[in-house]
Amino acid sequence: MEELLKFSDVALGYSKIPVLQGISFGIFKGDFLGIVGPNGSGKTTLLKAILGILKPLRGEICCRGGSLRFGYVPQREMMDELYPLTPREIIMMSRYPLLGPLKRSGKKDKEKAAEVIEKLGITDIANKLYKNLSGGQKQRTLIARALAGEPDILLLDEPTNGMDIKVEKNIMEIINLLNLEGITIVMVTHIINLVANYASRIALINEKFLIGDSSKILTEE
Amino acid sequence: MKTALTAGSLVALFCSYLGVFVVLRRIIFVSIALASFSSLGVAVAVFFGKNPLFFSFIFAFIGVYIFSRQNIEKRLPRESVIGLSYALASALAILFLAKSAHGEADMLNLIFGNILSISNKNIFELIAVLIPVGIIHVMFYKEFLFSAYDSEMAEALGMKVSFWNFLFYLTLGAVVAVSIHITGVLLVFTFLLVPAMFALNIANSIKLSIGISFIVAEAVTWLGLIFSFVWDLPSSSLIIAFCGGTFLFSILYRKAFAK
C-alpha cells in the first residue's frame, strides 16, 4: 500500500515541552486508523501534527511526493455559532483554498458542494442556519465540508462526542462507507469500542504509544 | 454640511462593514485599543506640531503589529494586554494634549471629533485610504471569512491564516486611523460596534448582516447630522445616541418576530 505520511521518531509538544515522544508510524492509502487514548493524552496534538498545524520538536514527518490534501472534521464544540452561516456556505469554504486568492466559486465548486450535500443526506437542511441544527446534522455538515475539499486523508476529532447511540452509529457508518469508497480515514476518539469495529489499525496513546492491527492492539490491551 | 455628510457617510460605510467582522471575530476590545493607539498618534502629533494623520497611521500600525500576534504574552490572557494597551494609550494621549497649546479643546476634538469643520482635503485623505481598503476586502473577502471562521481548518488546507489576519488588522487600523481625526474615537468605535450588533441581531446571513449594518450606519449618520443642525446639538454625540436607539429597536424586533 502507498504510504501517504510517515512519522519517524517524532516528539510533539508546546513551548518546547514534549507531550508525546518517540512516535513512529505511517499512514497508508485506504487506511482507517483509529487514534485512541484518554482525555489529555495527546490525541489532538498528534492530529494537529498530521495536519501540519503543529511542527515536531524532534524527528521528521514526511509527506508523499507532492503535497497532501487534508479534510479536517474538528470537534463540533469548536465551531463558532455566532456566524450566521448555512451548511451550504460552510461546505463551500473548503473549496476556497483550491480556488486561491482573487477567484470566486464557480459552477464546478457549486456542483461539488451539491454532490457532498446529497452524499451526506443533508439536502433538506443545506440552507438552514448551522446553529439551529441537531448534533448529528452538524456533524454530517462538517464531514461534508471536509469532503468538498477532495481530501487525500480525512481526519476526524471525536466525531461522535455527545451523541446518542443511534446517531453515533449513523455517523460511524457514514465514516466507514467513505473508507470503503477508498478515502483514507484517521479518527481520534477516547472510546476504544467505537473504532474497534471499523478501524483497520489502532494507535493507542496511554503513557506509551502502541500502533498495530485493531485485533492485535485489542488483545494486548 | 455637505462635506460633513460625505465624510460621515464614508466613515459609516467602511466602519459598519468592518464592524460585522469585528463583532464576529470577537475583537471588539482590539478595535477600541486600535482607536486609542491612533488617538495617541494624533496627540503626539499635536504636541510636536506634526501631521496628525501621519502619526495616527504610525501608532495604529504599531497597534496592528501588537494585536495581530496570536501570543502577545503567553503567561497572561490576550485581553489583559489589550486592556492595558487601551488604558495606557488613552492616558498618554491625555498627558500629551494637557501640555499642548489648546489642551482641552484638542482633547474634546480627539474624543468626539468635529465632523462639521472638516475640509475637502480631509475628504480626499479619507478616499485615498478607503478605496484601497475596499478593493482589498472585495478581492479577499473569502480568505478573510474562512480564516476568521475556522482558522485551524483554513490552515490545514494550506491557507496562510496569520497573513490574512494581519492584512485584516492592517485594513482595520488604516480605517480607524483615517477616521479618528474626522469623527473622533467614540464615533469610530460606535460605528464599528453598534450597526453590526443591530444587523447580527436580526439577520440570518453574513451578506444580509453587512447590508443592514450599512443601512443602519448611514441612516443614523444622516439623521444625527441633520438633527444636530436643527436642534443645535453636538453631532457625534447625537449620532451615537441614535445608534444606541437602533440597537434597542433590534432587541424589540427580535422579541416580536424571532422564530
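The model shown is predicted, which means the values in this text are computed figures rather than measured ones. Each chain has its residues counted from 1, running along the sequence as written. In the order they appear in the text, chains get letters beginning with A and ligands get numbers beginning with 1. Residues qualify for local features only when their pLDDT is at least 70, as the model is predicted, and side-chain atom pairs are given and counted only at 80 or more; totals for whole chains, interfaces and linings, by contrast, use all residues. As a rule here, side-chain values cover all heavy atoms of the structure and leave hydrogens and water aside.

1. What to know about the domain arrangement of chain A
Residue and element names in this part refer to chain A.
And step 1. Once the domains are mapped, chain A shows domain 1 (1-68 + 152-221) and domain 2 (76-151).
And step 2. The straight-line distance from the C-alpha centre of domain 1 to that of domain 2 is 24 Å.
And step 3. Pairs of residues are marked as contacts when any of their non-hydrogen atoms sit within 4.5 Å. Listed as interface residues are 16 residues of domain 1 and, on the opposing side, 13 residues of domain 2.
And step 4. Note on definitions: buried area is the accessible-area loss of two parts on being combined, 1.4 Å probe, summed for both. Carbon and sulfur atoms make up 69% of the surface buried where domain 1 meets domain 2, a total of about 1000 Å² over both sides.
And step 5. Put simply, a salt bridge is a Lys or Arg side-chain nitrogen that is within 4 Å of an Asp or Glu carboxyl oxygen. One can count one salt bridge joining domain 1 with domain 2.
And step 6. In this structure, lysine 119 engages glutamate 181 in a salt bridge whose closest nitrogen and oxygen atoms are separated by 2.6 Å.
And step 7. Each polar contact in these results corresponds to two N or O atoms within 3.5 Å; when the atoms are within protein, one needs to be able to donate a hydrogen and the other to accept it, and residues that are neighboring in sequence are counted only if both atoms are side-chain atoms. Counting the contacts that link domain 1 with domain 2 gives two residue pairs in polar contact (both at pLDDT 80 or more).
And step 8. Elements that contribute at least two residues to the side of domain 1 that touches domain 2 include exactly strand E6 (153-157) and helix H6 (165-180).
And step 9. The way it works is that DSSP assigns letters per residue, a run of H or I at least four long becomes a helix, a run of E at least two long becomes a strand, and they are numbered from the N terminus. Broken down by element, the side of domain 1 that touches domain 2 gets its largest block of residues, six residues, from H6. Segment limits for the domains were obtained from an automatic or database-derived domain assignment.

2. Some remarks on the pattern of salt bridges
And step 1. Inspection of every chain in the model, using the stated rule, returns 14 salt bridges over all chains.
And step 2. Lys48(A) is paired through a salt bridge with Glu152(B); the nearest N and O atoms lie 3.1 Å apart. Of this pair, Lys48(A) sits in helix H1 (residues 43-51) while Glu152(B) is found in helix H8 (residues 151-156), placing the two residues in two different chains.
And step 3. With a closest N to O distance of 3.3 Å, Glu115(A) and Lys112(A) form a salt bridge. Of this pair, Glu115(A) and Lys112(A) both sit in helix H4 (residues 107-119), separated by three residues, roughly a single helical turn.
And step 4. Owing to a relative accessible area of 42%, Glu115(A) belongs among the partly exposed residues under this scheme.
And step 5. In the salt-bridge network here, residues are joined through shared partners; they are Arg95(A), Asp109(A) and Glu150(A). With a 1.4 Å probe rolled over the protein chains alone, any residue whose accessible area is under 20% of its type maximum counts as buried; one over 50% counts as exposed, and the rest are partly exposed.

3. Observations concerning the side chain of Asp109(A)
And step 1. Residue placement: Asp109(A) occurs in helix H4.
And step 2. Residues contacting Asp109(A), with those up to four places away along its chain left out, are Met92(A), Arg95(A), Leu99(A) and Arg104(A).

4. Quick word on the interface of chain A and chain B
And step 1. Each partner contributes residues to the interface: chain A has 27 residues there, and chain B has 27 residues.
And step 2. Carbon and sulfur atoms supply 66% of the area buried between chain A and chain B, which totals about 2600 Å² over both sides.
And step 3. Per-residue buried area on chain A facing chain B is highest for Tyr83(A), Pro84(A) and Tyr96(A); these three make up 24% of the total on that side.
And step 4. Linking chain A to chain B there are three salt bridges.

5. Considering the sheet that holds strand E4 (residues 58-63) of chain A
Residues and elements named next belong to chain A.
And step 1. Pairing between strands requires that DSSP locate at least two bridges from one strand to the other. What the three strands build is an open sheet, ordered E2-E1-E4; its pairing is antiparallel. Of all the strands in the sheet, the pair left with one neighbour each is strand E2 (17-28) and E4. Taken over all neighbouring pairs, the strand axes of this sheet differ in orientation by 15° on average, direction set aside.
And step 2. Two strands pair when backbone bridges link them, and strand E1 (residues 3-14) and E2 are joined in this way by eight bridges, in the antiparallel orientation. Residue leucine 5 lies in a different strand from E2, and its bridge partner there is isoleucine 27. Fitted lines through C-alpha atoms serve as axes, helices being fitted only where they are in contact, and the angles separating the N-to-C directions of these axes extend from 0 to 180 degrees.

6. Focus on the side chain of Ser16(B)
And step 1. Relative to the helices and strands, Ser16(B) is located in helix H1 (residues 2-24).
And step 2. What Ser16(B) contacts, discounting residues up to four positions off in sequence, is Val11(B), Phe191(B), Pro195(B), Ser213(B), Phe214(B) and Ala217(B).

7. What about the pairing of strand E9 (residues 208-213) of chain A?
Residue and element names in this part refer to chain A.
And step 1. Relative to E9, strand E8 (residues 201-206) runs antiparallel, the two being bridged by six bridges. Within the sheet, the bridge partner assigned to isoleucine 205 lies in E9 and is phenylalanine 209.
And step 2. Between E8 and E9, which follow one another and run antiparallel, lie one residue, and glutamate 207 among them has a positive phi close to 70°.

8. A look at the packing of H1(B) against helix H6 (residues 120-139) of chain B
Residues and elements named next belong to chain B.
And step 1. Contact pair H1 / H6: the axes reach a minimum separation of 10 Å and the direction vectors enclose 25°. Here H6 runs roughly parallel to H1, going by the angle between their axes. The two elements H1 and H6 meet at a crossing, and its hand is left-handed. Together, Thr3, Thr6, Ala7, Leu10, Val11, Phe14, Tyr17 and Leu18 of H1 and Asn120, Ile123, Leu126, Ile127, Leu130, Val133, Gly134 and His137 of H6 make up the contact between the two elements.
And step 2. As a working rule, the residues Ala, Val, Leu, Ile, Met, Phe, Trp, Tyr, Cys and Pro are called nonpolar, Asp, Glu, Lys and Arg charged, and the rest polar, with Gly in that last group. Looking at the contact of H1 with H6, its residues break down into eleven nonpolar, five polar and no charged. Oblique is the label for any angle not under 35 degrees, not over 145, and not in the 65 to 115 range, which are roughly parallel, roughly antiparallel and roughly perpendicular in turn. Two helices cross in a left-handed way if the nearer one is turned anticlockwise from the farther one by less than a right angle. They cross in a right-handed way if the turn is clockwise.

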